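# Structural features, examined
Listed below are the residues making up each chain.
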Amino acid sequence: MKELDLLKKDWKKNSDSFEQISEKEIYKMIHKKSSSIVKWILIISILEISFWTFSNLFINTDDVLRKINHPEIVVTLEYLTYLNYLVGLVFVFIFYKNYTTISTTVATKSLMSAILRTRKTVQYYVWYNLAMIVVTSILSFFIAFVYNPDMAFLREKLAVNGKAMFTTIGILTLVILGFFGLFWCFYRLLYGTLLRRLYVNYKELKKINF
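In this text, all values refer to a predicted model and were calculated from it rather than measured experimentally.

## Concerning the overall build of the protein
Along the backbone of the protein there are six helices and zero strands. The order of α-helices and β-strands along the protein, N terminus first, is α-α-α-α-α-α. Residue burial in the protein is summarised as follows: out of 210 residues, 26% are buried. Sequence separation of 24 or more characterises 84% of the internal contacts of the protein that already satisfy a separation of 6 or more. Counting every atom, the protein has about 14,800 Å² of accessible surface; 68% of that belongs to carbon and sulfur.

Structure representation (structure tokens):
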């Protein structure tokens, strides 16, 4: 009987060690996957900013701005563009910090906190971009309609026709909503997929930690 008791105790010790090794392996796998996901978030954000930067180089807006002939509007648009790039670079820097934090952390709770922080940062980034799309669209339509001399005939026509005015506003609203929906789907497909995978990793870590 004593020998049987000793075997049982030895088996329990071994089973505990196997469980610990298994948890360590699972943690390593989740850690590696989380680090890879955040790296892709960083890469995609850099590619996105680079795409918009190069796109602006090929879009010639000088002729339109000269027609407007309002230097204060041109300066305001330039400041808005610089601000948008600055905010984008700040987000890229935060994504980089999140990536380095997740790549180097060893504690489970620290990794869980870093994952949640990364998810929130990406969500703020997406909503900022969507808000800027709406603001930029509204400003573009407003400036083109009010200040562009080519729109003088249309302004006079709409001024005396209330129904046409409401129809135009409705069409522009639908166009803006269309742009919003298009980019929302793009961000949901791209960043949303990565965030969902990241959250799955968080839930797996939660099982290990508790």
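Still more to cover.
## Some thoughts on a nonpolar patch on the surface
A cluster of nonpolar side chains, contributed by Trp-40, Ile-43 and Leu-47, occupies part of the molecular surface with about 300 Å² of accessible area. Its location among the elements puts Ile-43 in helix H1 (residues 2-58). The class for Ile-43 is partly exposed, based on a relative accessible area of 31%.

## Considerations on the pattern of salt bridges
The final tally for this structure, using the stated rule, is one salt bridge. Residues Lys-207 and Glu-204 are paired through a salt bridge, measuring 3.7 Å at the closest nitrogen-oxygen approach. A residue pair is termed a helical-turn pair when its members lie 3 or 4 positions apart in one helix, as Lys-207 and Glu-204 do in helix H6 (residues 162-209) at three residues. When its relative accessible area of 58% is taken as the criterion, Lys-207 is described as exposed. Among the residues examined, Glu-204 registers a relative accessible area of 32% and is labelled partly exposed.

## Here we look at a positive patch on the surface
A surface patch of positive charge is lined by Lys-33, Arg-188, Arg-196 and Arg-197. With three residues, H6 is the single largest residue contributor to the positive patch. The residue Arg-196 is located in helix H6 in this model. Overall, Arg-196 belongs to the partly exposed group, its relative accessible area being 45%.

## Focus: the nonpolar core
With 30 residues, the main nonpolar core has Ile-41, Phe-95, Ile-115, Val-122, Tyr-191 and Leu-205 as its most contacted residues. For this core, the secondary structure elements donating two or more residues are H1, helix H3 (71-104), helix H4 (108-147) and H6. Once residues lying within four places of it in the same chain are set aside, the contact partners of Ile-41 are Phe-95, Thr-118, Val-122, Tyr-191, Leu-194 and Leu-195.

## Looking at the UniProt feature "transmembrane region" (unreviewed entry) in the protein
The UniProt entry lists residues 37-59, 79-96, 125-147 and 167-187 under the feature "transmembrane region" (unreviewed entry), expressed in the numbering used here. Helix makes up 100% of residues 125-147 and strand 0%, and the two end C-alpha atoms of the span are 32 Å apart. Spanning residues 167-187, this segment combines 100% helix with 0% strand, and its end C-alpha atoms are found 30 Å apart.

## Examining the side chain of Arg-119
Within the secondary structure layout, Arg-119 lies in helix H4. Look at Arg-119: it is buried, it has no salt bridge, and the nearest opposite charge is Glu-204 at 14 Å. Those residues in contact with Arg-119, other than ones at most four positions away along the chain, are Leu-195, Arg-196, Leu-198 and Tyr-199.

## Digging into the layout of surface pockets
Roughly 300 Å³ of internal volume is contained in the second largest pocket. Along the wall of the second largest pocket there are 14 residues; nearest its centre are Phe-141, Phe-142, Phe-145, Thr-168 and Leu-172. Only H4, helix H5 (152-159) and H6 provide two or more residues apiece to the lining of the second largest pocket. Residue contributions to the lining of the second largest pocket peak at six residues, all from H4. Along the lines of polarity and charge, the residues of the lining of the second largest pocket split into 13 nonpolar, one polar and no charged.

Reading the values: the criteria
Residues numbered from 1 in each chain as written. Predicted model: local features only at pLDDT ≥ 70, side-chain atom pairs only at ≥ 80, totals over all residues. Heavy atoms only, no water. Helix = DSSP H or I, 4+ residues; strand = E, 2+ residues; numbered from the N terminus. Buried < 20%, exposed > 50% of the residue type's maximum accessible area, 1.4 Å probe, protein only. Contact = heavy atoms within 4.5 Å. Areas by Shrake-Rupley, 256 points an atom, 1.4 Å probe, with all protein chains shown as cover. Patch = residues over 30% accessible without salt bridge, like charges linked within 9 Å, V, L, I, M, F, W, Y side chains within 5 Å. Salt bridge = Lys/Arg side-chain N within 4 Å of Asp/Glu carboxyl O. Lys, Arg positive; Asp, Glu negative; His and termini not counted. Charge placed at Lys NZ, Arg CZ, Asp CG, Glu CD. Core = buried A, V, L, I, M, F, W, Y, C linked by side-chain atoms within 4.5 Å. UniProt positions renumbered as here; feature names shortened; annotations may be inferred. 1 Å grid on protein atoms, 1.4 Å probe; cavity = no way out; pocket = protein on both sides within 12 Å on 5 of 7 lines; lining within 4 Å. Points joined across faces, edges and corners; volume = space filled by probe spheres on them. Nonpolar A, V, L, I, M, F, W, Y, C, P; charged D, E, K, R; others polar.

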